[in-house]
Structure formats: C-alpha cells, structure tokens
Amino acid sequence: GEKVEQHESTLSVREGDSAVINCTYTDTASSYFPWYKQEAGKSLHFVIDIRSNVDRKQSQRLIVLLDKKAKRFSLHITATQPEDSAIYFCAASGGTQVVGQLTFGRGTRLQVYA
Amino acid sequence: NAGVIQTPRHKVTGKGQEATLWCEPISGHSAVFWYRQTIVQGLEFLTYFRNQAPIDDSGMPKERFSAQMPNQSHSTLKIQSTQPQDSAVYLCASSLGDWVEQYFGPGTRLTVL
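On a predicted model such as this, the values are computed, not experimentally measured, just so you know.

### Details of the interface of chain B and chain A
Here is step 1 of the chain: Across the boundary between the two partners, chain B contributes 23 residues, which contact 18 residues of chain A.
Here is step 2 of the chain: Here chain B meets chain A over a buried area of about 1600 Å², counting both sides, of which 57% is carbon and sulfur.
Here is step 3 of the chain: Three residues stand out in chain B for area buried against chain A, namely L43, W99 and F104 of chain B, and they jointly supply 41% of the buried area on that side.
Here is step 4 of the chain: Taken together, the links from chain B to chain A amount to 0 salt bridges.
Here is step 5 of the chain: The interface formed by chain B and chain A includes 10 residue pairs in polar contact (both at pLDDT 80 or more).
Here is step 6 of the chain: Looking at the side of chain B that touches chain A, the elements that each hand over two or more residues are β4 (31-38), β5 (42-50) and β6 (53-56) of chain B.
Here is step 7 of the chain: At 5 residues, β5 of chain B tops the list of elements feeding residues into the side of chain B that touches chain A.

Listed below in structure tokens is the structure:
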C-alpha cells in the first residue's frame, strides 16, 4: 500500500521567514495530497490540498508544490507567524486505494519564534 | 454547524473490557472515516463508510474491532476485550465524498489500563 514519508520531524523558523515541509510518497497512481494542521491538544484541521492535475497551488501564505516524477510534494508557508506553530501532516490518497482514505506522514512540528 | 461530534472525549477502560466510541458526522456528508492516532504508529486509517454502507475496513484489527453506521447521523466503533495497545486517540472524519477535504472530530482518547 501507499507509504508517505515526511522528511522533517521538527522545524524551527524565525517569524517572517518561510518554512518548507517535504513529503514523498510511493504509489505512483496517488492523485490527492492534502495537508492538515494539528495544534496542541486539538484535532486535525485541513489547510490546503493539491491534486495530480496541477503542480502548484496557492492559498494566501500557503503554497503546495507537487512533483509527480519524483513522487514528492511540499508545503511552503511564507511570512510565518507565531500562530503557524503546530504539527503539520501531509497525506496522500487515490491511486490503488479503492476509496478516499488518507495515508499520513509522521508529522512535522513547526515552531515559529520571534 | 457543530462540526464532527465525537463522544466520549475521554474513556478509561480496564484490560478486557469493551469500549464503544460514537461519532456524529457533519449533516449531508456521505463519507465517514475512522482513524487512530498514537505516538508510535502515527495516524492510521481504520475503516470507511459511504452513504452508511461499509466500504473498506482494511485498517481494522479484525478480531476485536468492529464499526457500524446504523443511520446517516452516527457511526460507532466498538472494541471488545480492550488491550493496553489499543490506547490511542480515535478520530472520526466526514467529507462530502472521496478525495476531498475531510473534517475531523475532536477525537476520543481511549486509555486501557
């Protein structure tokens, strides 16, 4: 089955700088790649997604890039703010999976410091 | 819209006891997913319902876990003869379909002593 590897377990950036979180996946046929944010003591909250028919998507300060050849996707958070501090999970879906369940990476703990 | 509702928020059971977890999906959502989150294993898919029908339970430990969705407004996850390794946060999510945003509930933290 699909495996998703999230490369950075922790990331610390200065407020105002950009943060980049990288993920790779194994199933060539995967087609849907969402990102979720989990703040301390809370559940997962959707932040942005990208589908395999595009290679870039932006929503305000969030940019997702998808490289299907390399089976890699990344989340770029620009102009980081303290409230961006959280654990970010990448996920993949589609492909050989019959339905839309998500396969998650292990998470990246992002700390934005002043 | 209250979002996905899960009850109870915390449950403590003794080894060998049964635990039933409840989920109320967002009204109008046809897809309901159950996941489990632990420090060791991370986020794992358990089972999926579409329009109340069980579609995929490939992530469920077969012997002691079962899930049902008797109507469109709630789903249950039942764990029989709970074991310490079942301790986790159990998350329910709903969505309008496959491969779209999933909305997660607050989770039920199960602790098996």
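### Things to note about the environment of V47 of chain A
All names here are of chain A.
Here is step 1 of the chain: With respect to the helices and strands, V47 occurs in strand β5 (residues 44-51).
Here is step 2 of the chain: Along the sequence, V47 and A92 sit 45 residues apart, while their C-alpha atoms lie 14 Å from each other.
Here is step 3 of the chain: If we ignore the near neighbours within four places in the chain, the residues touching V47 are W35, Y36, K37 and L62.

### Overview of the nonpolar core
Here is step 1 of the chain: If you look at the biggest cluster of nonpolar residues, it comprises 24 residues, and the most contacted ones within it are W35, F73, L75 and L110 of chain A.
Here is step 2 of the chain: Mapped onto this core, the elements with two or more residues apiece are β2 (10-14), β3 (19-25), β4 (30-38), β5, β7 (62-67), β8 (72-77), β9 (86-94) and β11 (108-113) of chain A.

### Remarks on the sheet that holds strand β6 (residues 56-59) of chain A
The pairing of strands in a sheet comes from backbone hydrogen bonds and takes either a parallel or an antiparallel form.
All names here are of chain A.
Here is step 1 of the chain: In spatial order, the strands read β1-β3-β8-β7-β6; together these 5 strands make up an open sheet with antiparallel pairing. This sheet does not close on itself; its edge strands, each paired only once, are β1 (4-6) and β6. Between one strand axis and the next, the sheet turns by 15° as a mean value, whatever way the strands run.
Here is step 2 of the chain: With 4 bridges connecting them, β6 and β7 associate as antiparallel partners. In the strand pairing of β7, K57 is matched with V64.

### Quick notes on the environment of F89 of chain A
Here is step 1 of the chain: Summarising the element assignment, F89 of chain A is placed in strand β9.
Here is step 2 of the chain: Under the relative-accessibility criterion, F89 of chain A is labelled buried at 4%.
Here is step 3 of the chain: Each residue touching F89 of chain A, except ones within four places of it in the same chain, is listed here: Q6, P34, W35, Y36, Q38, L44, F104, G105, R106 and G107 of chain A together with Q37 and L43 of chain B.

### Observations concerning the pairing of strand β7 (residues 65-71) of chain B
Residue and element names in this part refer to chain B.
Here is step 1 of the chain: The pairing of β7 with strand β8 (residues 74-79) spans 5 bridges and is antiparallel. By the bridge assignment, N71 is partnered in β8 with H74.
Here is step 2 of the chain: Linking β7 to β8, which pair antiparallel, is a turn of 2 residues.

### Things to note about the pattern of salt bridges
Here is step 1 of the chain: Within the structure shown, the criterion is met by 7 salt bridges over all chains.
Here is step 2 of the chain: A salt bridge links R61 of chain A to D84 of chain A; its shortest N-O distance comes to 2.9 Å. Residue R61 of chain A is found in the loop between β6 and β7, and its partner D84 of chain A is found in the loop between β8 and β9; the two are separated by 23 residues along the sequence.
Here is step 3 of the chain: Here R61 of chain A falls in the partly exposed class, since its relative accessible area comes to 24%.
Here is step 4 of the chain: Relative accessible area serves as the criterion here: at 6%, D84 of chain A is assigned to the buried category.
Here is step 5 of the chain: Across the salt bridge formed by D86 of chain B and R64 of chain B, the nearest N and O atoms sit 2.6 Å from each other. Here D86 of chain B, found in the loop between β8 and β9 (88-95), pairs with R64 of chain B, found in the loop between β6 and β7; they are 22 residues apart in sequence, far enough to count as distant.

What counts as what
- Residues numbered from 1 in each chain as written.
- Chains lettered and ligands numbered in written order.
- Predicted model: local features only at pLDDT ≥ 70, side-chain atom pairs only at ≥ 80, totals over all residues.
- Heavy atoms only, no water.
- Contact = heavy atoms within 4.5 Å.
- Buried area = accessible area lost by both parts, 1.4 Å probe.
- Salt bridge = Lys/Arg side-chain N within 4 Å of Asp/Glu carboxyl O.
- Polar contact = N/O pair within 3.5 Å; in protein donor to acceptor, adjacent residues only side chain to side chain.
- Helix = DSSP H or I, 4+ residues; strand = E, 2+ residues; numbered from the N terminus.
- Core = buried A, V, L, I, M, F, W, Y, C linked by side-chain atoms within 4.5 Å.
- Buried < 20%, exposed > 50% of the residue type's maximum accessible area, 1.4 Å probe, protein only.
- Pairing = 2+ DSSP bridges.
- Axes fitted to C-alpha atoms, helices over the stretch in contact; angles between N-to-C directions.

Worth remembering: the numbers are spatial, not functional.
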